[in-house]
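As a plain string of letters, each chain reads:
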Amino acid sequence: MTDTGSTQDLDPVEPVAALADDAGDEALDVASDEPSAEHVSTDAEADAERAALLDGVWDVVVVGAGPAGSSAAYATATRGRRVLLLDKAEHPRYKTCGGGIIGPSRDSLPADFKLPLQDRISAVTFALNGKWTRTRRSKRMLFGVVNRDEFDLRLVQAAEQAGAVLVTGVTATGVEQQGGDSRTVFVTLAGGGRVEARAVVGADGSASRIGRHVGVSFDQIDLGLEAEIPVPESVSREWAGRIHLDWGPLPGSYGWVFPKTDSGTLTVGVISARGQGERTKQYLADYIRRLGLSGFTPLVESGHLTRCRAEDSPLSRGRVLVAGDAAGLLEPWTREGISYALRSGRLAGEWAVQVAEANGAADVRRQALNYSFAIKAGLGVEMRAGKIMLASFEKRPHMFHAAVSLITPAWRAFARTTQGHTTFAQLMRDHRAARKLASIAGR
């Protein structure tokens, strides 16, 4: 259920073995054959066209075309503003992610958006480190499952249809702001170029360059490892409509199986606190073996770091706002990030319009603070509750397992949360039993 936002400056997709020791963010470039004259000409024309698009002053520049960036660009474009959406990668592209679309994600999508669902989930099999397995079922769909390459592409297309201009193959390296009453800000690009805008939204993933400019800080970093495993149709049918959640052997860890039934693959992953790379790798191997899937060859093995913001971490600096993983916005317990990306991206796009139209430094600060208040009043409250849940889960995962697998009201609360009818924060506020469970487990 994890997500890492945009492909712009992400922790790279690497083999599981390479990430087992929490390897750094550098990716290797593989040299290709010398291009022909025809290719040189085509590339030169493409570069010239790209340079022309980057020229001039934009109302808003959005860096990163993942869910947060596309959502921000869509929100800005639907308000009739000139918005430029930049990304390092071409779409579609593979993304390390379970691909679960829960209720809050569905409710934050553009109007008339058609989800490219691979499966509809109505059952969950819970296990406690491979033991005490129980399957719970819902009469209604809990959430949908997508392939992130298809999902992200459709989000980008929705932003373009609303009027956003997409430019790919461009790496943002930072931001230049003069401060004071300056009416514009510059996004700097690899190779020495710059793009000028009246406001910038940084949505360039969990290793965000724009986030560094803003000063985003994190108090929780986790390592997720994942394998995309093609399986025969007979195996795929056994998983149709059902996911698997395993509360793992490391504090705060868990594993998941998400079926991509239409494409005949299973996404199997685990996540735990960074610094336990070898043990996390072993957990994934054990998990795959216990599920009876070790005989199938993974199509992709990958990993990423998720970074959760500290509560006092800034969300803006001058005319620059950050959203999604670039801001460290994700659910701390489950590390679910798609809904946080979509919701924060939409808010960032809406408030970026106000920042772009602000007169003077005081007005810019006021509009940027309004964005921060909007995030903290919604997602911030949910994150605070999620951190309480995680702290309790780390100490007594067996209590959470017993609750969701054996106690019907707890299972219903889990189902209602995934469906988008409630949140962890609302559950803890409105239900004494939820507060008591978190309190007892956290002792």
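Note that the structure is predicted; figures quoted are calculated from it, not measured.

A. Representation of the overall build of the chain within the structure. A count of helical and extended segments in the chain gives 14 helices and 18 strands. Across the 443 residues that make up the chain, the buried fraction comes to 56%. Counting contacts in the chain only where the partners sit at least 6 residues apart, residues at least 24 apart contribute 77% of the total. Here the chain displays about 18,700 Å² of accessible surface, and carbon together with sulfur accounts for 50% of that area.

B. Spotlight on the layout of surface pockets. A volume near 890 Å³ is recorded for the largest pocket. The wall of the largest pocket is formed by 38 residues, among which A413, F414, T417, F424 and L427 lie closest to the centre. Mapped by element, the contributors of at least two residues to the lining of the largest pocket are β13 (242–247), α9 (338–356), α10 (360–395), α11 (397–406), α12 (408–419), α13 (424–430) and α14 (432–441).

C. Structural context of the nonpolar core. Counting 57 residues, the largest nonpolar core has V61, V62, L84, V200, V201, L329 and Y371 as its most contacted members. At seven residues, α9 tops the list of elements feeding residues into this core. Setting aside chain neighbours within four positions, we find V61 in contact with L84, L86, V187, V195, E196, A197, A199, V200 and V201. Counting residues in hydrophobic clusters, the runner-up holds 30 residues, among them F126, V145, W247 and F424.

D. Spatial organisation of the pairing of strand β1 (residues 57–63). Counting buried residues along β1, six of its seven residues qualify, which places the element largely inside the surrounding structure. As paired elements, β1 and strand β11 (residues 194–202) share six bridges and run parallel to each other. Of the residues in β11, the one forming a bridge with W58 is A197. The pairing of β1 with strand β2 (residues 83–87) spans four bridges and is parallel. The partner of V62 across the bridge, within β2, is L85.

E. The packing of aromatic side chains, seen in detail. Evaluated as defined, the whole model comprises 15 aromatic pairs. A centroid spacing of 5.9 Å and a plane angle of 80 degrees characterise the contact between F113 and F151, whose relative ring orientation is edge-to-face. Of this pair, F113 sits in the loop between α4 (103–107) and β4 (117–121) while F151 sits in helix α5 (residues 148–162), and the two are 38 residues apart along the sequence. For F113, a relative accessible area of 16% puts it in the buried group. Judged by relative accessible area, which is 0%, F151 ranks as buried. Summarising the aromatic geometry, the rings of F126 and W247 are spaced 6.1 Å apart at their centres and angled 20 degrees between planes, so their arrangement reads as stacked. Taken as a pair, F126 in strand β5 (residues 123–128) and W247 in strand β13 lie far apart in primary sequence, 121 residues in all. Note on W247: relative accessible area 5%, which makes it buried.

F. Here's a closer look at the side chain of S108. Residue position: S108 is located in the loop between α4 and β4. A polar atom in the side chain of S108 sits 2.8 Å from the backbone oxygen of P104. Not counting residues within four places of it along the chain, the set of residues in contact with S108 comprises L342, R343 and R346.

G. Layout of the side chain of T184. Along the chain, the position of T184 falls in the loop between β9 (172–176) and β10 (185–189). In this structure T184 comes out as buried when scored by relative accessible area, which is 18%. For T184, the side chain forms a polar contact with the side chain of E196, separated by 2.8 Å. Among all residues touching T184, those that are not within four sequence positions of it are V57, E196, A197, R198 and R319.

H. The pattern of salt bridges, seen in detail. A full pass over the atoms with the stated rule returns 18 salt bridges. Ionic pairing is found between D152 and R93, a salt bridge with its closest N-O pair at 2.9 Å. With D152 in helix α5 and R93 in the loop between β2 and β3 (100–101), the pair connects residues that are 59 residues apart, well separated along the chain. For the residue pair D152 and R93, the accessibility class agrees, reading buried in each case.

I. Just the sheet that holds β4, in detail. The strand order across the open sheet built from three strands is β3-β7-β4, with neighbouring strands paired in antiparallel fashion. With one partner strand each, in any of the chains shown, β3 and β4 form the two edges of the open sheet. Note that β4 and strand β7 (residues 143–146) share four bridges and pair antiparallel. Pairing of R120 across the sheet is with G144, part of β7.

J. Here's a closer look at the sheet that holds strand β16 (residues 300–309). With respect to topology, seven strands assemble into an open sheet ordered β6-β5-β13-β14-β15-β12-β16, the strand pairing being mixed. The open sheet has two edge strands with one neighbour each: β6 (131–137) and β16. Each adjacent strand pair in this sheet contributes to an overall mean axis angle of 20 degrees, direction not counted. Pairing analysis gives ten bridges linking strand β12 (residues 218–230) to β16, with the strands arranged antiparallel. Paired with L223 across the two strands is L305, which belongs to β16. Seen against the sheet, helix α8 (residues 277–290) touches β12, β13, β14 (254–260) and β15 (265–273) and runs at an angle of roughly 145 degrees to β15. Relative to β5, α12 is tilted by about 120 degrees, and along the sheet it contacts β5, β6 and β13.

K. Representation of the packing of helix α3 (residues 67–77) against α5 in the model. Between α3 and α5, whose axes approach to 8 Å, the crossing angle comes to 20 degrees. The angle between α3 and α5 falls in the class roughly parallel. You can see that α3 and α5 cross each other, and the crossing is left-handed. Within the contact between the two elements, α3 uses P67, S70, A73, Y74 and A77 and α5 uses R148, F151, D152, L155, V156, A158, A159 and A162. Along the lines of polarity and charge, the residues of the contact of α3 with α5 split into ten nonpolar, one polar and two charged.

Rules behind the numbers
- Residues numbered from 1 in each chain as written.
- Predicted model: local features only at pLDDT ≥ 70, side-chain atom pairs only at ≥ 80, totals over all residues.
- Heavy atoms only, no water.
- Helix = DSSP H or I, 4+ residues; strand = E, 2+ residues; numbered from the N terminus.
- Buried < 20%, exposed > 50% of the residue type's maximum accessible area, 1.4 Å probe, protein only.
- Contact = heavy atoms within 4.5 Å.
- Areas by Shrake-Rupley, 256 points an atom, 1.4 Å probe, with all protein chains shown as cover.
- 1 Å grid on protein atoms, 1.4 Å probe; cavity = no way out; pocket = protein on both sides within 12 Å on 5 of 7 lines; lining within 4 Å.
- Points joined across faces, edges and corners; volume = space filled by probe spheres on them.
- Core = buried A, V, L, I, M, F, W, Y, C linked by side-chain atoms within 4.5 Å.
- Pairing = 2+ DSSP bridges.
- Phe/Tyr/Trp six-rings, centres within 6.5 Å; stacked < 30°, edge-to-face > 60°.
- Polar contact = N/O pair within 3.5 Å; in protein donor to acceptor, adjacent residues only side chain to side chain.
- Salt bridge = Lys/Arg side-chain N within 4 Å of Asp/Glu carboxyl O.
- Axes fitted to C-alpha atoms, helices over the stretch in contact; angles between N-to-C directions.
- Parallel < 35°, antiparallel > 145°, perpendicular 65-115°, else oblique.
- Left-handed = near helix turned anticlockwise from the far one by under 90°.
- Nonpolar A, V, L, I, M, F, W, Y, C, P; charged D, E, K, R; others polar.

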